[in-house]
Amino acid sequence: MARIAALMIMGGSVANRARLTLEVTEAVTKVWGAARVGIRFSPGGVFNDMHDSNPLETFSYMLHELNRFHLAYAHVIVSTEDDLRHRAVSVPLAALRQAFHGPLIVANGFNLETATRIVTESLADAVAFGRLFLANPDLPERFRLNAPLNSPDESDLLWRSGKGLHGLSGASSPTGSRIGEPRPWPGTRSNCWRKDAFARKSRKC
Ligand SMILES: Cc1cc2nc3c(=O)[nH]c(=O)nc-3n(C[C@H](O)[C@H](O)[C@H](O)COP(=O)(O)O)c2cc1C
């Protein structure tokens, strides 16, 4: 019975399918204030076999309904050509942009050229970079100087002991900073970055 009741209020119509997200957003913004809350969607995603049956309808509706909260931003993962080849769904960014009136961030597979284009065309306010940032901790500086970029090593994007933060070598970057040695988090001791994850956790570095 409880499952049927849940399906009746959370499933079926687009309004019902958006209900959980909107209620959570309401609760969170009440605690933190809307200016400190952003939301992230992967409308076309099929990761772990999760997908939406009508992503254009669902996410346009959701983003439209989110306007009333005046969130700090909405962040949308767009589907790349490669994602589409792997069964992801294409959801026109222009439709999502039209639905949401606050700051819109997009991500997934962008480079300087495509990011510049999408912002210039007002399809987004900002572009987030993931893998390129991991491979190039001084990415904004490299973009500014039009300097060459390290290619992300897809097999080794996270910490690998002995190879340095993010698996980078620590070689000098063309911008003069040391790759793989970004500034420490506030409150941590700087040499902690050179130690392994366990040492950093236990503050023995
Ligand atoms: C190592 C790694 C871990 C990630 N983990 C998450 C995650 O836990 N949750 C999430 O929403 N996205 C995650 N992402 C996706 C990124 O947030 C981002 O959407 C993705 O890297 C696409 O941008 P990019 O092409 O600039 O890398 C991860 C990406 C990488 C490379």
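All chains use their own residue numbering, which begins from 1 and follows the written sequence. Residue-level local features of this predicted model are given only where pLDDT is at least 70; pairs of side-chain atoms are given and counted only at 80 or more, and the full residue set underlies all totals for whole chains, interfaces and linings.

### Some words on the overall build of the protein
Threshold: In DSSP terms, a helix is any run of H or I states spanning at least four residues, a strand is any run of E spanning at least two, and both are numbered starting from the N terminus. Neighbour counting defines burial: a residue surrounded by 20 or more other C-beta atoms within 10 Å of its own C-beta is buried, one with 12 or fewer is exposed, and intermediate counts give partly exposed, using backbone-placed C-beta atoms. Residue pairs qualify as contacts under a 7 Å threshold applied to their C-beta atoms, which are placed from the backbone.
Secondary structure summary: the protein contains nine helices and four strands in total. Residues classed as buried in the protein amount to 20% of the 205 residues present. Expressed as a percentage of contacts within the protein between residues at least 6 apart in sequence, the contacts between residues at least 24 apart total 53%.

### Some remarks on unusual backbone geometry
Here Asn48, not a glycine, exhibits a phi torsion of approximately 55°, which is positive. Along the polypeptide, Asn48 turns up in the loop between β1 (38–41) and α3 (55–66). You can call Asn48 exposed: it has 6 C-beta atoms within 10 Å. One non-glycine residue, Asn146, lies in the positive phi region at around 55°. Summarising the element assignment, Asn146 is placed in the loop between α8 (139–145) and α9 (197–201). For Asn146, a count of 8 C-beta atoms within 10 Å translates into the label exposed.

### A short note on the environment of Leu84
Relative to the elements of secondary structure, Leu84 occurs in helix α4 (residues 81–85). For the pair Leu84 and Val46, spaced 38 residues apart in the sequence, the C-alpha separation amounts to 9.7 Å. Look past the residues within four positions of Leu84 in its chain and what remains in contact with it is Ser79 and Ser90.

### Topic: the nonpolar core
Filter applied, for reference: Among buried residues, those of type Ala, Val, Leu, Ile, Met, Phe, Trp, Tyr and Cys that are joined through C-beta atoms within 7 Å form a set called a nonpolar core.
If you look at the biggest cluster of nonpolar residues, it comprises 20 residues, and the most contacted ones within it are Leu63, Leu66, Ala74 and Val76. At the level of elements, β1, α3, β2 (73–77) and β3 (104–107) are the ones that each hand at least two residues to this core. Residues in contact with Leu66, not counting those within four places in the same chain, are Thr25, Ile39, Leu71, Ala74 and Phe100.

### Description of the pairing of β1
Side-chain positions along a regular strand alternate between the two faces of the sheet. Going by this rule: Two strands pair under a simple rule: DSSP has to find at least two bridges between them.
Burial along β1 is one-sided: the residues Ile39 and Phe41 are buried and none of Gly38 and Arg40 is. Here four bridges tie β1 to β2, and the two strands are oriented parallel to one another. Within the sheet, the bridge partner assigned to Gly38 lies in β2 and is Tyr73.

### Description of the packing of helix α2 (residues 14–32) against α3
Filter applied, for reference: Interaxial angles span 0 to 180 degrees and are taken between N-to-C directions of axes, which are lines fitted to C-alpha atoms, for helices over the stretch in contact. Roughly parallel means an angle under 35 degrees; roughly antiparallel, over 145; roughly perpendicular, 65 to 115; everything else is oblique. Helix crossings fall into two classes, left-handed where the near helix is turned counterclockwise from the far one by less than a right angle and right-handed where it is turned clockwise. Lys, Arg, Asp and Glu make up the charged group, whereas Ala, Val, Leu, Ile, Met, Phe, Trp, Tyr, Cys and Pro make up the nonpolar group; the residues left over, Gly among them, are polar.
Orientation of α2 relative to α3, taken along the N-to-C sense of each, is 40°, at an axis distance of 10 Å. By the criterion of interaxial angle, the relationship of α2 to α3 is oblique. In this structure, α2 crosses over α3, and the sense of that crossing is right-handed. Facing Val14, Arg17, Ala18, Thr21, Leu22 and Thr25 of α2, the residues of α3 in contact are Glu57, Thr58, Tyr61, Met62, Glu65 and Leu66. Considering only residue class, the contact of α2 with α3 consists of six nonpolar, three polar and three charged.

### Description of the pairing of β2
Applied cut-off: By the criterion used throughout, a crossover qualifies as right-handed when its path from the first strand across the helix to the second strand runs clockwise, the strands pointing away from the viewer.
For the crossover that starts at β1, traverses α3 and ends in the parallel β2, the hand is right-handed. Of the pairings in the sheet, the one linking β2 to β3 comprises four bridges and is parallel in character. In the sheet register, His75 faces β3, and the bridge partner there is Ile105.

### So, the sheet that holds β1
Here four strands make up an open sheet; going across it, the order is β1-β2-β3-β4 and the pairing parallel. Of all strands in the sheet, those bounded by a partner on one side alone are β1 and β4 (126–128). Strand-to-strand, the axes of this sheet are offset by a mean angle of 25°, without reference to chain direction. Two elements, β3 and β4, share three bridges in a ladder whose sense is parallel. Bridging from a neighbouring strand, Ile105 pairs with Ala126 of β4.

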